[in-house]
Every structure is written in structure tokens, then in C-alpha cells.
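Structure at a glance
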Amino acid sequence: MIGSRNDTMSVAVLLPCYNEAATITDVVRGFRAALPDARIYVYDNNSIDGTALHAMLAGAHVVRERRQGKGHVVRRMFADIDADIYLMADGDGTYSPDDAEELIRTMLTERSDMVVGTRRGVHADAGRQGHAFGNRIFNVLYRAIFGPDFTDIFSGYRVFSRRFVKSFPAVSGGFEIETEMSVHASRLKLPVTELELDYGRRPEGSHSKLSTFKDGAKILWMFAMLMKETRPFAFFSIISGVFMAGSLVFMTPVLAEYFQTGLVSRMPTWVLSMALMMVSFMMFTAGVILDSVSRARAEQLRIHYMGLSKQLIAEQVVTTSDDAAIHIPRARKTDAA
């Protein structure tokens, strides 16, 4: 499997599912064939079509997560499962299990903490034209706000290292979890790689759970919240600029009249413009202060991330089931970004 370098590493395949009975059997069997030594976990998110039973019969470990939303499922997966390599895919059959080995190989050879399987042709066939348009807009917006690390932030086909999984806070509740993963990697400047893969079509009888406008609004809100948390100076500077612009709009005619006549006849307008200016200064000050707080939080996250790496370095020997000692290659444990 992959080669001798991966023989000492445990691999977990994570499949979050909601009403995927039409496809989950083939998906589980596909990953069992592609990664015969991997453990396959299906986390069922309140499906009502027998998804859990189909997954269990196909040989997966099935767990139910009652909080509705992919973010809740991913958070539970990352907390519950211990492995060296985590591969996450969807249960709808749009990602090919045959690409799993290449994703893992890329992570090992590139020494990355996350490899994203970008979707070739997703803009031409994203289920609905609204989805394709939303993909383009949000990817452009992401690169403008958070940096150029990713070209497909909504891909659900990803491979993670243990230190990524165990340092990822995972606060999102729904499909915006992929955006949060990307921001986490960009914020801590983690080593990441993208690998372009074919994106399949859903088979007949399987339907997308995405809502173009509802989920689009949630993702846009998540963009704003993540920008507030990770780039507060830019976030509050924009708000400050809006209030200052409003203040200048109201202030200009009052000042023009004052310079011409020496009188201020519209006192309420002048008071409003001053109030808006004060709010503008307060927003700017908040951005400066919170920027320092955000940097301190990022440093703490980075230290925690590096601490996980050191723990792996300390694990010089792994004991197999027959008590034979296998030495893990040092390259795996020292690739701290």
C-alpha cells in the first residue's frame, strides 16, 4: 500500500453522509478495494433512507451524529478517530476511490499537512448553474481575503495529517466547514498541496443537499466571521471607512455653509456627522487592538500545532499486533512547516 514508507502508518477514511443510500455501498467498497488496510468510517447524519445499514453491510464502521450539518459531523470525526493519515470524501459517489492512493502519496512526498483534490470540470457540472456560479465567486472572494493558497475551497476530497486534524478547532456547523479548513491552513501557513482530479456525476436517484441561496448565505456569513477572527484590522477598517464616508457626506454641506456664512444652521446634521466620525474612530481602534489579539491567538495555535509534531518525533517505535517493532521513518516526524 503506497510503499514501505506508509506501511507503518494507519489510514482512516472518513465519509460524512446524509441520505446517501443509493451510493454509499459502492463508495465503501471502492475505498476498501483502493485502500485495503484502511479503516473506513461512515458518520450518518440522521439519514432516513437506510444509509447507515447499507454502509454497515458494506463493511464500514458506522457512527450516528445527531446534530444536523456537515460541520458537526466533521468535528465529531476529528475528535473520535485516531490515525496517522485521514482521508475525507463524500458518500455521494462524485469522488473516485481510485484517486485515494495518489492523494496520500502526494501528501507524503510533498510533506504536506493537507492535500485538496480540486475538482476538474466542477464549473461545467456542479449540479445546478447556481452552484457553478457560486463556486467561482466564492473562490475569487476567498483568494482576495485570505490569500492565494487554494483554487477550490469547497472540495470535499481531502487528505490530512494527524497534526492538522488535532489542531483544527472546527467551529462550523454546515457545509462551510471546508472554508474553515482552508482558512485554518492559510492562517497558520501550513504546508498544503492541491491535486486536480476528475469530478463525477451523481447517479440517478441521488440528489444534492445544497441550497444555492441558503447555503450561499451561510458561506458568505462564515467568510465575514472568519475575516473578523483572522484579519480584524482589515475587517474593522472597512467598517470604519463606511462610517467615515457617511460622516463626510453629512459634514460637507454643513462645512461649506459655515465657511460661506460663518453660521451652522443645520446643527442636528452636524451632530450626526460627528457621531458617525466617532464611531469610525472607535471601529479603527478596535481593529488595531483585535489585530494584536488575533496574532497572539495564531501564535498559540501554531505552538499547539508544533507540539503535536514534537509528540510524533518522540514516538520512535510503533508496536504492531504481533509485538514486532517497526521504526517510523524520520521524514514523517520532522516535516514541521
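This text gives an overview of the structure that appears in the document. Note that the structure is predicted; figures quoted are calculated from it, not measured.

**Thoughts on the sheet that holds strand β2 (residues 39-44)**
Here seven strands make up an open sheet; going across it, the order is β3-β2-β1-β4-β6-β5-β7 and the pairing mixed. Each having just a single partner strand, β3 (61-64) and β7 (192-198) make up the two edges of the open sheet. The mean inter-strand angle of the sheet, taken between neighbouring strand axes irrespective of direction, is 20°. Direction of pairing for strand β1 (residues 11-17) relative to strand β4 (residues 85-88): parallel, over a ladder of four bridges. Counterpart to Ala12 in the pairing with β4 is Tyr86. Taken strand by strand, helix α3 (residues 70-80) contacts β1, β2, β3, β4 and β6 (158-161), and its axis lies near 155° from that of β1.

**Let's talk about the packing of aromatic side chains**
Under the criterion given, the structure shown has 17 aromatic pairs. With centroids separated by 6.1 Å and ring planes inclined at 70°, the aromatic side chains of Phe78 and Phe168 adopt a geometry described as edge-to-face. Taken together, the residues span a long stretch of sequence, with Phe78 in helix α3 and Phe168 in the loop between α6 (162-167) and α7 (177-188) at a distance of 90 residues. You can call Phe168 buried: its relative accessible area is 7%. One aromatic cluster is present, formed by Phe138, Tyr142, Phe146, Phe150, Phe154 and Phe223 through successive ring pairs.

**Examining the nonpolar core**
Counting residues in each nonpolar core, the largest one holds 40 residues, and the members touching the most others are Leu14, Phe78, Tyr86, Phe160, Phe164 and Met181. Aside from chain neighbours lying at most four places away, what touches Leu14 is Tyr41, Met77, Phe78, Ile81, Tyr86, Leu87, Met88 and Ala89.

**Considerations on the pairing of β7**
By the alternation rule, side chains of β7 split into Thr193, Leu195 and Leu197, which are all buried, and Val192, Glu194, Glu196 and Asp198, of which none is buried. Inspection of the sheet shows strand β5 (residues 114-120) paired to β7 by seven bridges, in the parallel sense. Considered in β7, the bridge of Met114 is made with Val192.

**Looking at empty space enclosed by the protein**
By the definition in use, this model includes two cavities of 30 Å³ or more. Size it by volume and the second largest cavity reaches roughly 30 Å³. At the level of elements, β5 and β7 are the ones that each hand at least two residues to the lining of the second largest cavity. Grouping the constituent residues of the lining of the second largest cavity by class yields four nonpolar, two polar and two charged.

**Description of the side chain of Asp113**
Take Asp113: it is sitting in the loop between α4 (100-110) and β5. Here Ser161 takes part through its side chain, which lies 2.5 Å from a polar atom of the side chain of Asp113. Within the local environment of Asp113, its side chain forms a polar contact with the side chain of Tyr305, the two groups lying 2.3 Å apart. Beyond its immediate stretch of four places on either side in the chain, Asp113 contacts Val159, Phe160, Ser161, Arg163, Phe164, Leu190, Pro191 and Tyr305.

**Looking at the pairing of β3**
Two faces make up the sheet, and in a regular strand the side chains alternate between them. One ladder, built from four bridges, connects β2 with β3; its direction is parallel. What sits directly across from Tyr43, in β3, is Val63. Each parallel crossover has a hand, and for β2 linked through helix α2 (residues 51-57) to β3 it is right-handed.

Conventions we followed
Residues numbered from 1 in each chain as written. Predicted model: local features only at pLDDT ≥ 70, side-chain atom pairs only at ≥ 80, totals over all residues. Heavy atoms only, no water. Pairing = 2+ DSSP bridges. Helix = DSSP H or I, 4+ residues; strand = E, 2+ residues; numbered from the N terminus. Axes fitted to C-alpha atoms, helices over the stretch in contact; angles between N-to-C directions. Contact = heavy atoms within 4.5 Å. Phe/Tyr/Trp six-rings, centres within 6.5 Å; stacked < 30°, edge-to-face > 60°. Buried < 20%, exposed > 50% of the residue type's maximum accessible area, 1.4 Å probe, protein only. Core = buried A, V, L, I, M, F, W, Y, C linked by side-chain atoms within 4.5 Å. 1 Å grid on protein atoms, 1.4 Å probe; cavity = no way out; pocket = protein on both sides within 12 Å on 5 of 7 lines; lining within 4 Å. Points joined across faces, edges and corners; volume = space filled by probe spheres on them. Nonpolar A, V, L, I, M, F, W, Y, C, P; charged D, E, K, R; others polar. Polar contact = N/O pair within 3.5 Å; in protein donor to acceptor, adjacent residues only side chain to side chain. Right-handed = clockwise from strand over helix to strand, strands pointing away.

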